[in-house]
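Chain by chain, the residues run as shown.
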Amino acid sequence: MVSSGPPESPHVPSVNYHVWQACNMRCRFCFATFQGVRKNVLPAGHLDRPDAMRIVRALARAGFTKINFAGGEPFLCPWLVDLVVYAKKLGMVTSVVTNGSYFDRSVASDLLKHLDWLVLSVDSLHPATAIRIGRVKAHKPISKRQYLAICERVHAAGVNLKINTVVTSANYGEDFRDFIIRARPRRWKIMQMLPLQGPDSRCAEDLIVDRDGFNHFVAKNRRVRKNGIVVVPETSSDMVGSYAMIDPAGRFYDNVSGQYKYSQPILDVGVRAAFSEVDVSAARFLARDGLYDFWGGWKWRRVGSWAQLRGYLRNRWRPSAVSSATPLTTAATAEPVWLQARISRRTDVLESGQATAVISST
Ligand SMILES: C[S@@+](CC[C@H](N)C(=O)[O-])C[C@H]1O[C@@H](n2cnc3c(N)ncnc32)[C@H](O)[C@@H]1O
Ligand code: SF4
(Lines give C-alpha, C1' and ligand atoms only; values in the text may rest on other atoms or scores of the structure.)
(Ligands and ions follow the chains in the order given, each with its own letter.)
Protein backbone atom coordinates (compact mmCIF):
# COMPACT_ATOMS: atom_id res chain seq x y z
CA MET A 1 0.00 0.00 0.00
CA VAL A 2 1.22 3.52 -0.71
CA SER A 3 1.57 5.47 2.49
CA SER A 4 -0.26 8.74 2.94
CA GLY A 5 0.95 11.73 4.85
CA PRO A 6 -0.32 12.76 8.23
CA PRO A 7 -3.92 13.92 7.99
CA GLU A 8 -3.12 17.39 9.31
CA SER A 9 -1.22 18.34 6.12
CA PRO A 10 -2.15 17.95 2.44
CA HIS A 11 1.54 17.11 1.85
CA VAL A 12 1.42 17.73 -1.87
CA PRO A 13 1.03 21.24 -3.23
CA SER A 14 -1.06 20.56 -6.32
CA VAL A 15 -4.46 19.07 -6.85
CA ASN A 16 -6.46 17.97 -9.90
CA TYR A 17 -10.10 18.94 -9.68
CA HIS A 18 -12.17 17.00 -12.26
CA VAL A 19 -14.88 19.57 -12.26
CA TRP A 20 -17.06 18.27 -15.11
CA GLN A 21 -17.91 14.66 -15.89
CA ALA A 22 -19.25 15.10 -19.42
CA CYS A 23 -16.97 15.06 -22.43
CA ASN A 24 -17.45 15.44 -26.16
CA MET A 25 -14.70 12.93 -26.95
CA ARG A 26 -14.56 9.20 -26.29
CA CYS A 27 -10.87 8.41 -25.91
CA ARG A 28 -10.89 4.66 -25.40
CA PHE A 29 -8.09 4.70 -22.82
CA CYS A 30 -9.76 7.40 -20.71
CA PHE A 31 -9.42 6.96 -16.97
CA ALA A 32 -11.67 9.92 -16.23
CA THR A 33 -15.05 8.91 -17.62
CA PHE A 34 -16.61 8.96 -14.12
CA GLN A 35 -19.50 7.08 -15.69
CA GLY A 36 -19.99 5.10 -12.46
CA VAL A 37 -20.02 8.35 -10.47
CA ARG A 38 -22.65 9.81 -12.75
CA LYS A 39 -24.78 6.69 -12.65
CA ASN A 40 -24.59 6.05 -8.91
CA VAL A 41 -23.79 9.33 -7.18
CA LEU A 42 -24.18 12.46 -9.24
CA PRO A 43 -26.72 12.30 -12.09
CA ALA A 44 -25.94 15.85 -13.21
CA GLY A 45 -22.25 14.96 -13.62
CA HIS A 46 -21.10 18.09 -11.78
CA LEU A 47 -21.65 20.16 -8.66
CA ASP A 48 -23.45 23.47 -9.01
CA ARG A 49 -21.43 26.66 -9.25
CA PRO A 50 -21.58 27.70 -5.56
CA ASP A 51 -20.48 24.25 -4.38
CA ALA A 52 -17.64 24.10 -6.90
CA MET A 53 -16.48 27.53 -5.65
CA ARG A 54 -16.65 26.24 -2.06
CA ILE A 55 -14.42 23.32 -3.00
CA VAL A 56 -11.85 25.69 -4.51
CA ARG A 57 -11.90 27.87 -1.40
CA ALA A 58 -11.53 24.85 0.88
CA LEU A 59 -8.55 23.59 -1.13
CA ALA A 60 -6.81 26.96 -1.01
CA ARG A 61 -7.40 27.25 2.74
CA ALA A 62 -6.03 23.76 3.31
CA GLY A 63 -2.74 24.72 1.69
CA PHE A 64 -2.89 23.52 -1.89
CA THR A 65 -1.02 26.05 -3.99
CA LYS A 66 -1.72 24.81 -7.50
CA ILE A 67 -5.04 23.68 -8.93
CA ASN A 68 -5.49 21.93 -12.24
CA PHE A 69 -9.04 21.86 -13.58
CA ALA A 70 -9.80 18.73 -15.56
CA GLY A 71 -12.80 16.63 -16.47
CA GLY A 72 -14.34 15.14 -18.59
CA GLU A 73 -13.84 18.23 -20.68
CA PRO A 74 -13.53 21.28 -18.41
CA PHE A 75 -14.28 23.74 -21.25
CA LEU A 76 -17.88 22.45 -21.06
CA CYS A 77 -18.24 23.85 -17.55
CA PRO A 78 -20.03 27.23 -17.85
CA TRP A 79 -18.37 28.53 -14.67
CA LEU A 80 -14.84 27.37 -15.46
CA VAL A 81 -13.55 30.93 -15.87
CA ASP A 82 -15.16 31.93 -12.55
CA LEU A 83 -13.42 29.03 -10.83
CA VAL A 84 -10.06 29.97 -12.32
CA VAL A 85 -10.46 33.63 -11.38
CA TYR A 86 -11.48 32.66 -7.85
CA ALA A 87 -8.57 30.23 -7.43
CA LYS A 88 -6.17 32.95 -8.58
CA LYS A 89 -7.69 35.43 -6.17
CA LEU A 90 -7.05 32.93 -3.39
CA GLY A 91 -3.38 32.81 -4.40
CA MET A 92 -3.29 29.52 -6.27
CA VAL A 93 -1.43 28.79 -9.49
CA THR A 94 -4.08 27.82 -12.03
CA SER A 95 -4.08 25.28 -14.82
CA VAL A 96 -6.67 23.75 -17.15
CA VAL A 97 -6.20 20.54 -19.12
CA THR A 98 -8.27 20.33 -22.26
CA ASN A 99 -8.77 18.28 -25.39
CA GLY A 100 -8.66 21.55 -27.35
CA SER A 101 -11.90 21.10 -29.22
CA TYR A 102 -13.58 24.23 -27.83
CA PHE A 103 -10.89 26.75 -28.59
CA ASP A 104 -13.22 28.42 -31.05
CA ARG A 105 -15.54 29.44 -28.21
CA SER A 106 -15.29 32.65 -26.21
CA VAL A 107 -14.42 30.63 -23.09
CA ALA A 108 -10.93 30.17 -24.52
CA SER A 109 -10.20 33.90 -24.83
CA ASP A 110 -11.70 34.55 -21.39
CA LEU A 111 -9.65 31.81 -19.81
CA LEU A 112 -6.38 32.87 -21.38
CA LYS A 113 -6.74 36.26 -19.70
CA HIS A 114 -6.46 34.63 -16.27
CA LEU A 115 -4.78 31.28 -16.53
CA ASP A 116 -1.19 30.38 -15.56
CA TRP A 117 -0.95 27.06 -17.44
CA LEU A 118 -2.87 25.62 -20.35
CA VAL A 119 -2.38 21.88 -20.81
CA LEU A 120 -3.28 20.57 -24.26
CA SER A 121 -3.79 16.84 -24.81
CA VAL A 122 -2.38 15.61 -28.11
CA ASP A 123 -2.12 11.86 -28.66
CA SER A 124 -1.61 11.63 -32.39
CA LEU A 125 -1.05 13.82 -35.41
CA HIS A 126 -2.25 11.09 -37.76
CA PRO A 127 -6.01 11.18 -38.34
CA ALA A 128 -6.33 7.38 -38.58
CA THR A 129 -4.56 6.90 -35.24
CA ALA A 130 -6.62 9.60 -33.51
CA ILE A 131 -9.74 7.88 -34.79
CA ARG A 132 -8.54 4.52 -33.49
CA ILE A 133 -7.86 6.05 -30.08
CA GLY A 134 -11.20 7.88 -30.04
CA ARG A 135 -9.64 11.34 -29.66
CA VAL A 136 -12.10 12.89 -32.09
CA LYS A 137 -14.74 15.59 -32.02
CA ALA A 138 -17.90 14.59 -33.89
CA HIS A 139 -15.88 11.83 -35.62
CA LYS A 140 -13.23 14.31 -36.78
CA PRO A 141 -9.69 14.46 -35.34
CA ILE A 142 -8.10 17.82 -34.58
CA SER A 143 -5.43 18.47 -37.20
CA LYS A 144 -1.78 19.31 -36.57
CA ARG A 145 -2.44 22.78 -37.98
CA GLN A 146 -5.32 23.32 -35.54
CA TYR A 147 -3.23 22.14 -32.59
CA LEU A 148 -0.42 24.51 -33.59
CA ALA A 149 -2.88 27.39 -33.89
CA ILE A 150 -4.05 26.70 -30.32
CA CYS A 151 -0.45 26.66 -29.09
CA GLU A 152 0.21 30.00 -30.78
CA ARG A 153 -2.81 31.55 -29.07
CA VAL A 154 -1.60 30.28 -25.71
CA HIS A 155 1.87 31.75 -26.28
CA ALA A 156 0.41 35.04 -27.53
CA ALA A 157 -1.62 35.32 -24.33
CA GLY A 158 1.54 34.83 -22.24
CA VAL A 159 0.18 31.63 -20.69
CA ASN A 160 2.51 28.69 -19.97
CA LEU A 161 1.91 25.82 -22.36
CA LYS A 162 2.19 22.17 -21.47
CA ILE A 163 1.36 19.27 -23.77
CA ASN A 164 0.17 15.88 -22.52
CA THR A 165 0.57 12.78 -24.67
CA VAL A 166 -0.71 9.34 -23.70
CA VAL A 167 1.33 6.53 -25.22
CA THR A 168 -0.71 3.51 -26.28
CA SER A 169 -0.27 0.57 -28.62
CA ALA A 170 -1.72 2.82 -31.32
CA ASN A 171 0.86 5.63 -31.24
CA TYR A 172 4.04 4.30 -29.61
CA GLY A 173 5.95 4.44 -32.89
CA GLU A 174 4.91 7.99 -33.77
CA ASP A 175 7.41 10.79 -34.29
CA PHE A 176 6.20 13.95 -32.54
CA ARG A 177 9.44 15.93 -32.79
CA ASP A 178 8.52 18.36 -35.54
CA PHE A 179 5.18 19.10 -33.90
CA ILE A 180 6.60 19.57 -30.41
CA ILE A 181 9.42 21.81 -31.60
CA ARG A 182 6.95 23.99 -33.47
CA ALA A 183 4.43 23.98 -30.61
CA ARG A 184 7.13 25.07 -28.09
CA PRO A 185 5.56 23.86 -24.82
CA ARG A 186 7.47 24.56 -21.62
CA ARG A 187 6.75 20.98 -20.59
CA TRP A 188 5.80 17.88 -22.49
CA LYS A 189 4.41 15.13 -20.33
CA ILE A 190 4.54 11.71 -21.94
CA MET A 191 2.34 9.23 -20.10
CA GLN A 192 2.15 5.50 -20.49
CA MET A 193 -1.53 4.58 -20.69
CA LEU A 194 -2.75 3.66 -17.22
CA PRO A 195 -5.38 0.92 -17.39
CA LEU A 196 -8.28 1.25 -14.99
CA GLN A 197 -10.74 -1.33 -13.75
CA GLY A 198 -14.19 -0.94 -12.28
CA PRO A 199 -17.30 1.06 -13.16
CA ASP A 200 -15.36 4.17 -14.29
CA SER A 201 -13.30 2.28 -16.87
CA ARG A 202 -13.73 2.01 -20.64
CA CYS A 203 -11.46 -1.02 -20.62
CA ALA A 204 -9.64 -0.57 -23.93
CA GLU A 205 -7.24 -3.45 -23.38
CA ASP A 206 -6.06 -3.44 -26.99
CA LEU A 207 -4.55 0.03 -26.39
CA ILE A 208 -2.37 -0.99 -23.44
CA VAL A 209 1.32 -0.56 -24.22
CA ASP A 210 4.11 -2.30 -22.34
CA ARG A 211 7.18 -0.62 -20.87
CA ASP A 212 9.30 -1.39 -23.95
CA GLY A 213 6.78 0.30 -26.22
CA PHE A 214 6.61 3.30 -23.91
CA ASN A 215 10.41 3.55 -23.72
CA HIS A 216 10.58 3.33 -27.49
CA PHE A 217 8.31 6.38 -27.82
CA VAL A 218 10.30 8.32 -25.25
CA ALA A 219 13.67 7.43 -26.80
CA LYS A 220 12.48 8.43 -30.24
CA ASN A 221 11.06 11.79 -29.16
CA ARG A 222 13.05 13.01 -26.19
CA ARG A 223 15.61 14.84 -28.30
CA VAL A 224 13.28 17.86 -28.30
CA ARG A 225 15.02 18.59 -25.00
CA LYS A 226 17.77 20.17 -27.08
CA ASN A 227 15.20 22.84 -27.94
CA GLY A 228 14.74 23.76 -24.28
CA ILE A 229 11.56 21.74 -23.82
CA VAL A 230 11.28 19.88 -20.53
CA VAL A 231 10.28 16.29 -21.28
CA VAL A 232 8.61 14.42 -18.45
CA PRO A 233 8.06 10.70 -19.11
CA GLU A 234 5.64 9.11 -16.69
CA THR A 235 5.10 5.36 -16.57
CA SER A 236 1.76 3.94 -15.53
CA SER A 237 3.20 2.91 -12.19
CA ASP A 238 4.52 6.47 -11.63
CA MET A 239 0.90 7.60 -11.80
CA VAL A 240 -0.31 5.36 -9.00
CA GLY A 241 -0.78 7.04 -5.63
CA SER A 242 1.07 10.17 -6.75
CA TYR A 243 -1.75 12.60 -7.57
CA ALA A 244 -4.20 14.43 -5.34
CA MET A 245 -7.43 14.09 -7.33
CA ILE A 246 -11.02 15.20 -6.79
CA ASP A 247 -13.96 13.74 -8.68
CA PRO A 248 -16.90 15.73 -10.09
CA ALA A 249 -18.87 15.00 -6.89
CA GLY A 250 -16.24 16.80 -4.81
CA ARG A 251 -14.53 13.75 -3.26
CA PHE A 252 -10.85 12.87 -3.21
CA TYR A 253 -10.08 9.61 -4.90
CA ASP A 254 -7.07 7.40 -5.41
CA ASN A 255 -6.09 4.73 -7.91
CA VAL A 256 -3.87 2.57 -5.75
CA SER A 257 -5.91 -0.64 -6.04
CA GLY A 258 -6.41 -0.40 -9.82
CA GLN A 259 -9.88 1.03 -9.44
CA TYR A 260 -10.99 4.20 -7.75
CA LYS A 261 -11.51 4.55 -4.04
CA TYR A 262 -13.45 7.69 -3.03
CA SER A 263 -13.39 9.73 0.16
CA GLN A 264 -16.39 11.31 1.79
CA PRO A 265 -17.41 14.62 0.17
CA ILE A 266 -15.08 17.49 0.97
CA LEU A 267 -18.04 19.77 1.60
CA ASP A 268 -19.30 17.39 4.31
CA VAL A 269 -16.11 16.54 6.19
CA GLY A 270 -13.52 19.12 5.10
CA VAL A 271 -10.37 18.80 3.01
CA ARG A 272 -8.09 17.26 5.61
CA ALA A 273 -10.46 14.57 6.79
CA ALA A 274 -11.38 13.69 3.21
CA PHE A 275 -7.74 13.65 2.10
CA SER A 276 -6.80 11.36 4.96
CA GLU A 277 -9.17 8.74 3.48
CA VAL A 278 -7.18 8.31 0.27
CA ASP A 279 -3.70 7.01 -0.42
CA VAL A 280 -1.53 9.72 -1.95
CA SER A 281 2.18 9.74 -1.25
CA ALA A 282 4.27 12.90 -1.23
CA ALA A 283 7.38 10.84 -2.02
CA ARG A 284 5.69 9.40 -5.10
CA PHE A 285 4.46 12.87 -6.07
CA LEU A 286 8.08 14.09 -5.96
CA ALA A 287 9.38 11.00 -7.74
CA ARG A 288 7.20 11.71 -10.76
CA ASP A 289 8.52 15.29 -10.90
CA GLY A 290 5.22 16.73 -9.67
CA LEU A 291 7.09 19.58 -8.07
CA TYR A 292 8.37 21.86 -10.78
CA ASP A 293 8.61 25.54 -11.21
CA PHE A 294 4.91 26.12 -11.70
CA TRP A 295 5.21 29.39 -9.77
CA GLY A 296 7.38 30.64 -12.60
CA GLY A 297 9.90 31.99 -10.12
CA TRP A 298 12.96 30.02 -9.32
CA LYS A 299 14.32 29.46 -12.73
CA TRP A 300 14.67 33.10 -13.51
CA ARG A 301 15.38 34.78 -10.23
CA ARG A 302 18.62 34.65 -8.37
CA VAL A 303 18.07 33.72 -4.76
CA GLY A 304 20.93 34.91 -2.64
CA SER A 305 19.72 35.52 0.87
CA TRP A 306 17.47 34.01 3.44
CA ALA A 307 15.12 36.96 3.16
CA GLN A 308 14.78 36.45 -0.56
CA LEU A 309 14.43 32.73 -0.14
CA ARG A 310 11.73 33.20 2.42
CA GLY A 311 9.95 35.48 0.01
CA TYR A 312 9.18 32.48 -2.15
CA LEU A 313 7.52 30.60 0.60
CA ARG A 314 3.94 30.87 1.55
CA ASN A 315 3.62 32.21 5.06
CA ARG A 316 1.65 29.27 6.27
CA TRP A 317 4.57 26.87 6.03
CA ARG A 318 6.93 28.88 8.27
CA PRO A 319 10.25 27.18 7.74
CA SER A 320 12.45 27.89 10.69
CA ALA A 321 16.06 28.17 9.65
CA VAL A 322 18.62 28.26 6.90
CA SER A 323 21.44 25.79 7.31
CA SER A 324 24.18 24.26 5.24
CA ALA A 325 23.37 21.95 2.39
CA THR A 326 21.41 18.79 3.07
CA PRO A 327 20.35 16.21 0.54
CA LEU A 328 16.79 15.88 -0.62
CA THR A 329 15.03 13.89 2.02
CA THR A 330 11.57 12.56 2.53
CA ALA A 331 12.06 11.95 6.23
CA ALA A 332 9.08 12.96 8.31
CA THR A 333 9.50 16.43 9.77
CA ALA A 334 7.27 19.15 11.00
CA GLU A 335 7.31 20.64 7.51
CA PRO A 336 5.58 19.13 4.53
CA VAL A 337 7.94 17.00 2.49
CA TRP A 338 7.31 18.98 -0.64
CA LEU A 339 8.61 22.12 0.99
CA GLN A 340 11.93 20.48 1.69
CA ALA A 341 12.11 19.26 -1.84
CA ARG A 342 11.26 22.62 -3.24
CA ILE A 343 14.03 24.20 -1.29
CA SER A 344 16.41 21.40 -2.04
CA ARG A 345 15.79 22.01 -5.68
CA ARG A 346 16.50 25.64 -5.23
CA THR A 347 19.65 24.61 -3.47
CA ASP A 348 20.66 22.65 -6.51
CA VAL A 349 20.44 25.90 -8.41
CA LEU A 350 22.27 27.80 -5.74
CA GLU A 351 25.00 25.23 -5.43
CA SER A 352 25.64 25.34 -9.10
CA GLY A 353 27.46 28.59 -8.83
CA GLN A 354 25.68 31.18 -6.75
CA ALA A 355 25.58 30.17 -3.10
CA THR A 356 24.56 27.38 -0.82
CA ALA A 357 21.47 27.62 1.29
CA VAL A 358 19.03 25.04 2.47
CA ILE A 359 16.01 25.32 4.66
CA SER A 360 15.89 22.96 7.56
CA SER A 361 12.81 22.63 9.64
CA THR A 362 12.45 22.02 13.33
C1 LIG B 1 -8.80 12.95 -18.11
S2 LIG B 1 -8.25 14.19 -19.18
C3 LIG B 1 -9.36 15.51 -18.86
C4 LIG B 1 -9.12 16.76 -19.66
C5 LIG B 1 -9.44 16.72 -21.14
N6 LIG B 1 -10.63 16.07 -21.44
C7 LIG B 1 -8.29 16.18 -21.92
O8 LIG B 1 -8.40 15.13 -22.53
O9 LIG B 1 -7.25 16.83 -21.91
C10 LIG B 1 -6.74 14.70 -18.36
C11 LIG B 1 -5.50 14.04 -18.93
O12 LIG B 1 -5.51 12.66 -18.58
C13 LIG B 1 -5.02 11.92 -19.68
N14 LIG B 1 -5.48 10.54 -19.57
C15 LIG B 1 -6.74 10.09 -19.71
N16 LIG B 1 -6.80 8.76 -19.56
C17 LIG B 1 -5.54 8.35 -19.32
C18 LIG B 1 -4.95 7.05 -19.09
N19 LIG B 1 -5.67 5.95 -19.08
N20 LIG B 1 -3.61 6.99 -18.88
C21 LIG B 1 -2.86 8.12 -18.88
N22 LIG B 1 -3.37 9.36 -19.09
C23 LIG B 1 -4.68 9.47 -19.33
C24 LIG B 1 -5.60 12.68 -20.86
O25 LIG B 1 -4.96 12.39 -22.07
C26 LIG B 1 -5.41 14.12 -20.43
O27 LIG B 1 -4.15 14.61 -20.81
S1 SF4 C 1 -11.08 14.13 -24.06
FE2 SF4 C 1 -10.22 13.84 -22.00
S3 SF4 C 1 -11.94 13.35 -20.65
FE4 SF4 C 1 -12.65 13.19 -22.77
S5 SF4 C 1 -12.49 11.04 -23.21
FE6 SF4 C 1 -10.57 12.00 -23.89
S7 SF4 C 1 -9.14 11.89 -22.15
FE8 SF4 C 1 -11.22 11.43 -21.39
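An unreviewed UniProt entry annotates the protein as S-adenosylmethionine-dependent nucleotide dehydratase originating from Kibdelosporangium aridum. Per UniProt, the protein carries the Cofactor (unreviewed entry) text "[4Fe-4S] cluster".

Trainee: Residues and numbers for the site of ligand 2, please.
Mentor: With respect to spatial proximity, the complete set of residues near ligand 2 consists of Cys23, Met25, Arg26, Cys27, Cys30, Ala32, Gly71, Gly72, Glu73, Asn99 and Arg135. When its residues are assigned to classes, the shell around ligand 2 shows five nonpolar, three polar and three charged.

Trainee: Could you give an account of the site of ligand 1, with specific residues and numbers?
Mentor: The full set close to ligand 1 counts 17 residues, and Phe31, Ala32, Ser121, Asn164 and Leu194 are the nearest of them. When contributions to the shell around ligand 1 are tallied by element, the ones reaching two or more residues are strand S2 (66-71), strand S3 (93-98) and strand S5 (160-167). In terms of residue class, the shell around ligand 1 is made up of eleven nonpolar, five polar and one charged.

Trainee: Account for the sheet that holds S2, naming residues and giving values.
Mentor: Ordered in space as S7-S6-S5-S4-S3-S2-S1-S8-S9-S10, the ten strands form an open sheet in which the pairing is mixed. Each edge of the open sheet is held by one strand with a lone partner, namely strand S7 (230-234) and strand S10 (261-265). The mean angle between the axes of side-by-side strands here comes to 25 degrees, regardless of whether they run parallel or antiparallel. When strand S9 (residues 251-254) meets S10, the two strands line up antiparallel, connected through three bridges. Looking across to S10, one finds that Arg251 is bridged to Pro265. Each of strand S4 (117-121) and S5 is contacted by helix H6 (residues 144-156), which is oriented at about 175 degrees to S4, the strand it contacts most.

Trainee: So what's going on with unusual backbone geometry? Which residues, and what values?
Mentor: Here the amide bond leading from Gly71 into Gly72 is cis, since omega sits at 20 degrees, within 30 degrees of zero. With respect to the element layout, Gly72 can be found in the loop between S2 and helix H3 (80-89). Notably, Phe34 is not glycine yet its phi reads approximately 50 degrees, a positive angle. One can find Phe34 in the loop between strand S1 (14-20) and helix H1 (35-40). Judged by local crowding, Phe34 falls into the buried class, with 27 C-beta atoms found within 10 Å. Of note, the phi angle at Ala138 is positive, near 50 degrees, even though the residue is not glycine.

Cut-off values and rules
- Residues numbered from 1 in each chain as written.
- Chains lettered and ligands numbered in written order.
- Predicted model: local features only at pLDDT ≥ 70, side-chain atom pairs only at ≥ 80, totals over all residues.
- UniProt positions renumbered as here; feature names shortened; annotations may be inferred.
- Near = placed C-beta within 6 Å.
- Nonpolar A, V, L, I, M, F, W, Y, C, P; charged D, E, K, R; others polar.
- Helix = DSSP H or I, 4+ residues; strand = E, 2+ residues; numbered from the N terminus.
- Pairing = 2+ DSSP bridges.
- Axes fitted to C-alpha atoms, helices over the stretch in contact; angles between N-to-C directions.
- Contact = placed C-beta atoms within 7 Å.
- Buried ≥ 20, exposed ≤ 12 C-beta atoms within 10 Å, placed from the backbone.

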